[in-house]
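Structure at a glance
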Amino acid sequence: MKFRSKILPLAAALAAAGIALSGCSGSADATPGSDGAGSVAGGASWPRTITHEAGETVIPAQPRNIASTSLSVTGTLLAIDAPVTTSAATTPSDVTDSQGFFSQWAEVASERNVGVLYPSLEFDLEAVVASAPDLIVVSTSGADSAADHYKELSAIAPTIVVNYGSQSWQDLALELGKATGQEDAADAAVSKYDSHVKDVAGKIKVPAGEANIISFNGAGQDNGVAKTSGSHATVLESLGFTVADIPEGLDTSAEARQDFAFVSFENLTKAAAGETVFLLSADETVARAFEGEKVLANLPSVKSGSVYPMGPTSFRLDYYSSTQLVDLLGKTFA
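Residues numbered from 1 in each chain as written. Predicted model: local features only at pLDDT ≥ 70, side-chain atom pairs only at ≥ 80, totals over all residues. Heavy atoms only, no water.

Describing helix H6 (residues 183-201)
Its 19 residues give H6 an end-to-end C-alpha distance of 27 Å, which sits within 8% of 27 Å, the value for a rise of 1.5 Å per residue. When H6 is considered as a whole, its buried residues turn out to be Ala 185, Ala 186, Ala 189, Val 190, Tyr 193, Val 197 and Val 200. Buried residues of H6, viewed axially, fall in a sector of 135°; they line one side. For H6, the exposed residues lying more than 90 degrees away from the buried face are Asp 184 and Lys 198. Check the buried side of H6 and you find it contacts helix H1 (71-79), helix H5 (169-180), helix H7 (231-238) and helix H11 (319-332). (Helix = DSSP H or I, 4+ residues; strand = E, 2+ residues; numbered from the N terminus. Expected span 1.5 Å × (residues − 1). Buried < 20%, exposed > 50% of the residue type's maximum accessible area, 1.4 Å probe, protein only. Arc of directions from axis to C-beta. Contact = heavy atoms within 4.5 Å.)

What to know about the confidence of the model for the chain
Per-residue pLDDT for the chain has a mean of 88; in total, 87% of the residues score no lower than 70. Predicted confidence for residues 1-31 stays below pLDDT 50, and this span has 130 contacts to residues more than four positions away or in other chains. Segment residues 33-42: pLDDT under 50, and 28 contacts once partners within four positions in sequence are set aside and those in other chains are kept. (pLDDT = per-residue confidence, 0-100.)

Observations concerning the packing of aromatic side chains
Scanning the model with the defined rule gives 13 aromatic pairs in all. Aromatic pair Phe 102 and Trp 105: ring centres 5.5 Å apart, planes at 90°, arrangement edge-to-face. In this structure Phe 102 comes out as buried when scored by relative accessible area, which is 0%. Ring plane angle 80° and centroid distance 5.7 Å describe the contact between Trp 169 and Tyr 319, whose orientation is recorded as edge-to-face. Of the two residues, Trp 169 sits in helix H5 while Tyr 319 sits in helix H11, which places them 150 residues apart along the sequence. Accessibility classification places Trp 169 together with Tyr 319 in one group, the buried group. Aromatic ring contacts, followed pair by pair, group Phe 101, Phe 102, Trp 105 and Phe 315 into a single cluster. Looking at Arg 48, its charged tip hangs above the ring of Trp 46, at a distance of 3.8 Å from the centre. (Phe/Tyr/Trp six-rings, centres within 6.5 Å; stacked < 30°, edge-to-face > 60°. Lys NZ or Arg CZ within 6 Å of the ring centre and 35° of its normal.)

Pasting the structure below:
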């Protein structure tokens, strides 16, 4: 997914990613679903065979030292209290801490003493070896993918490959819960989030009409417009918003995708005609820039002043960033 570099300077680091960092010791308050960070549940038997995107992997015992090569996946591992000790990091930016861990969970990662597996998403096999993991987690695609090194990684420790782009963070959490023995914590994280959404939904006044979510890249660029099947639309609809469908024939994407369609700047007038517009990875400055574009002046949302930023951590949704987005919407529409 392409994002405006002013908002999200990750194009060279994490084109479609969004999460990271986890650890092995920390406070109970930091995790959604268990008695303490890195706790190991005694549920199903071990060893167990995990079917994943690259085949099947036998995990002989419940992991206690997980290395995540995927910055996006580490956030979900963190949310289910998995014992992540090292994670790949991106280049530090406005949406990360000084190590390159995303801000929505960087504090939790610090509490759990999560180390940088390798910086700037530059794959380093020797660093993985040095971390001595008992489970390695890899993503299928994105700038944080190490899928091309699956065989090498599998020679170090049991390795699983997951696809964070084709499923919600909730489904990913349940998948990782099975692989790490954290099924109960995964269930608890999902339940806690669902309960919070229900609570916020009961306290807000949703504007009439339909809404659009836009990854705003500016004039002269293709701009992403969220599809109703994407995770961002799911968050809004869980709060009572109605996300508008995108008219056919506008999508310039080379390959079909379920989350966003990309349309020319001029076609935003057709693709984003909802009464309310939300801007991905944006702050108030970007919202005002959107409203100031002459081509967009007649959009219903611009004319009524109903253009809202979704916050800097909204580019990729996991437990932490989804919760932050729900809280932001709760305050905005209270």
